[in-house]
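Okay, here's what each chain looks like letter by letter:
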Amino acid sequence: MLVAVGACYLDTILTTPYYPGEDEKLRATNVTRRRGGNCPNTLEVLQQLTFHESTERGLPLTLITILPAKSSMATQKIRSSFGSRVNLDHCIYREGLEEPASCYIIKSQSTGSRTIVNYNNLLEITLEEFTGAAEKLGSEATWFHFEGRTPEMTLQFILYLRKQFPAIQVSVEIEKPGRPGLQELAEEADVVFYSKTWAQDLGYHTAEECLREQSKRIHNASLLCCTWGQDGASALQPRTGDFEHVAAYTTENFKVVDPIGAGDTFIAGMLYALNCKEKDWDLSKKLAFANRIAGLKVSQEGFASLD
Ligand code: FRU
């Protein structure tokens, strides 16, 4: 079983002809509302990818996230946005709160940029809540993927897993620039997903530079990945030195339609490859697969039909 731990949002996405200036009034050409959040998006894709696996090799999926009151409209909407293959039994509810964590996203048609403003009043997962859920999942869980939101707390979650369930594999997403403690998280995980913005903030100029420099600092990782937007993605296996780079996926009439969640989709592709194709695919095939579905996602609205 793969368990993903991260925040869940309700996204309101406004498509605009260009990014507005401060104090400007601008009419959006489209509005979309959907459930978002990095781990929920990743699971939405993973549930499609793993659908075809035989039950013997199939990968059950579980989400641990904070939601508003169980009876709230928002929680009901969020719960029903997942297919039956994502187990939501270990979600944590903040009773008394009706308002979900929300993201307001401006998607500019002229540049393809997506600017995100979020609101989240739900208290983050505590150590007690996490260990309670992890204990219930017990040795059923084989893989934990963390969004890496509250790095110090997430580090404690990982250290707890290392002690109680040493066989569990741990992956983390290192995304938000300037968030203290992410480096330490990367150093502890088995698989690390670095974002371009985080890497650039540290002064790296390419995905390869990020991975080669980071590989000198990590202690446990068997695989490091870094996505670089239009410049594709790279992966490095620190133990063997194997390095792969792939150009961004494109087709003849490729158009950026919806870049929101491209990174989450890349992670889903790689987690699928690592959990379901570990023996069948080499590193270059795994990377090409994750890169391809991330590219497909960018060229379409939402996350459907990516399998
Ligand atoms: C995309 C996304 C959105 C969400 C925001 C949270 O990666 O997960 O769905 O609103 O990022 O940071």
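Just so we're clear, the structure is a prediction, and the values are computed from it rather than from any experiment.

Draft legend 1. Geometry of the confidence of the model for the chain. Chain-level pLDDT for the chain is 95 on average; 98% of the residues reach the 70-or-more range. Predicted as a complex, the structure gets a pTM of 0.96 and an ipTM equal to 0.97.

Draft legend 2. Local environment of empty space enclosed by the protein. One pass over the structure, following the stated rule, counts 2 cavities of 30 Å³ or more. Roughly 170 Å³ of internal volume is contained in the largest cavity. Lining the largest cavity are 19 residues, with Gly6, Ala7, Glu124, Ile125 and Arg149 positioned closest to its centre. Counted as a void, the second largest cavity has a volume near 30 Å³. Together, Asn38, Glu147, Gly148, Glu175, Lys176, Arg179 and Leu182 line the second largest cavity. Its residues placed into classes, the lining of the second largest cavity shows 1 nonpolar, 2 polar and 4 charged.

Draft legend 3. Here's a closer look at the side chain of Gln48. For Gln48, the position within the fold is in helix α1 (residues 38-49). Using a relative accessible area of 14% as the deciding quantity, one classes Gln48 as buried. At a separation of 3.3 Å, a polar atom in the side chain of Gln48 contacts the main-chain carbonyl oxygen of Glu44. In contact with Gln48, not counting residues within four places along its chain, are Phe303, Ala304, Ser305, Leu306 and Asp307.

Draft legend 4. Main features of the packing of aromatic side chains. Using the criterion set out here, one finds 12 aromatic pairs in the structure. Ring geometry for Phe130 against Phe146: centres 5.8 Å apart, planes inclined by 50°, an arrangement best described as tilted. With Phe130 in helix α3 (residues 127-137) and Phe146 in strand β10 (residues 143-146), the pair connects residues that are 16 residues apart, well separated along the chain. Overall, Phe146 belongs to the buried group, its relative accessible area being 1%. Each ring, one from Tyr194 and one from Trp198, has its centre 5.4 Å from the other, and the planes form 25°; the classification is stacked. Each of the two residues, Tyr194 as well as Trp198, counts as buried.

Draft legend 5. Inspection of the sheet that holds strand β14 (residues 233-237) at higher detail. Strand order in this open sheet of 9 strands is β6-β4-β1-β10-β11-β12-β13-β14-β15, and the pairing throughout is mixed. Only two strands of the sheet have a single neighbouring strand rather than two, namely β6 (86-87) and β15 (242-246). Examined bridge by bridge, β10 and strand β11 (residues 169-174) share 4 bridges and lie parallel to one another. When the sheet's bridge partners are listed, Trp143 is paired in β11 with Gln169.

Draft legend 6. Structural context of the pairing of strand β2 (residues 9-16). β2 sits mainly inside the fold: 7 of its 8 residues count as buried. Sheet topology places β2 next to strand β3 (residues 30-36); 7 bridges connect them, and they run antiparallel. Residue pairing in the sheet places Thr15 in a bridge with Asn30 of β3. Sheet analysis places β2 next to strand β8 (residues 102-108), joined by 7 bridges and oriented parallel. Residue pairing for β8: Thr16 is matched across the bridge by Ser108.

Draft legend 7. Looking closely at the site of the ligand. Close to the ligand lie Tyr9, Asp11, Gly36, Gly37, Asn38, Asn41, Cys103, Lys176, Ile260, Gly261 and Asp264. Contact distances for the ligand include 2.8 Å between an oxygen atom and a side-chain N or O atom of Asp264. Secondary-structure elements contributing two or more residues to the shell around the ligand are β2 and α1. Here the shell around the ligand is built from residues that sort into 3 nonpolar, 5 polar and 3 charged.

Each value, and the rule that gives it
- Think of each chain on its own: its residues are numbered from 1, step by step along the sequence as written.
- Owing to the predicted nature of the model, reporting of local features is limited to residues with pLDDT of at least 70; listing and counting of side-chain atom pairs is limited to 80 or more, with chain, interface and lining totals taken over all residues.
- Side-chain descriptors were evaluated using all non-hydrogen atoms of the structure, hydrogens and water having been removed beforehand.
- One number per residue, pLDDT, summarises how confident the predictor is, and it ranges from 0 to 100.
- Only protein atoms enter the 1 Å grid used here, on which a cavity is any set of points holding a 1.4 Å probe that cannot leave and a pocket is any open set flanked by protein within 12 Å on both sides along at least five of seven lines; residues with an atom within 4 Å of a point are listed as lining.
- Grid points are joined across faces, edges and corners, and a volume is the space filled by probe spheres set on the points.
- By the convention adopted, Pro, Cys, Tyr, Trp, Phe, Met, Ile, Leu, Val and Ala count as nonpolar, Lys, Arg, Asp and Glu as charged, and the other residues, Gly among them, as polar.
- Put simply, DSSP marks the helices as runs of H or I at least four residues long and the strands as runs of E at least two long, and each gets a number from the N terminus on.
- In this scheme, a residue with accessible area under 20% of its type's maximum is buried, one over 50% is exposed, and one in between is partly exposed, where area comes from a 1.4 Å probe on protein chains only.
- We call two N or O atoms a polar contact when they sit within 3.5 Å, provided that within protein one can donate a hydrogen and the other can accept it, with sequence-adjacent residues counted only if both atoms are side-chain atoms.
- Pairs of residues are marked as contacts when any of their non-hydrogen atoms sit within 4.5 Å.
- Aromatic pairs are defined between Phe, Tyr and Trp rings, using the six-membered ring for Trp, whenever the two ring centres lie within 6.5 Å; interplanar angles under 30 degrees are classed as stacked, those over 60 as edge-to-face, and all others as tilted.
- At least two DSSP bridges between two strands are needed for those strands to be called paired.
- Only heavy atoms are used to decide nearness, and a residue is near a molecule or strand if one of them lies within 4 Å of it.

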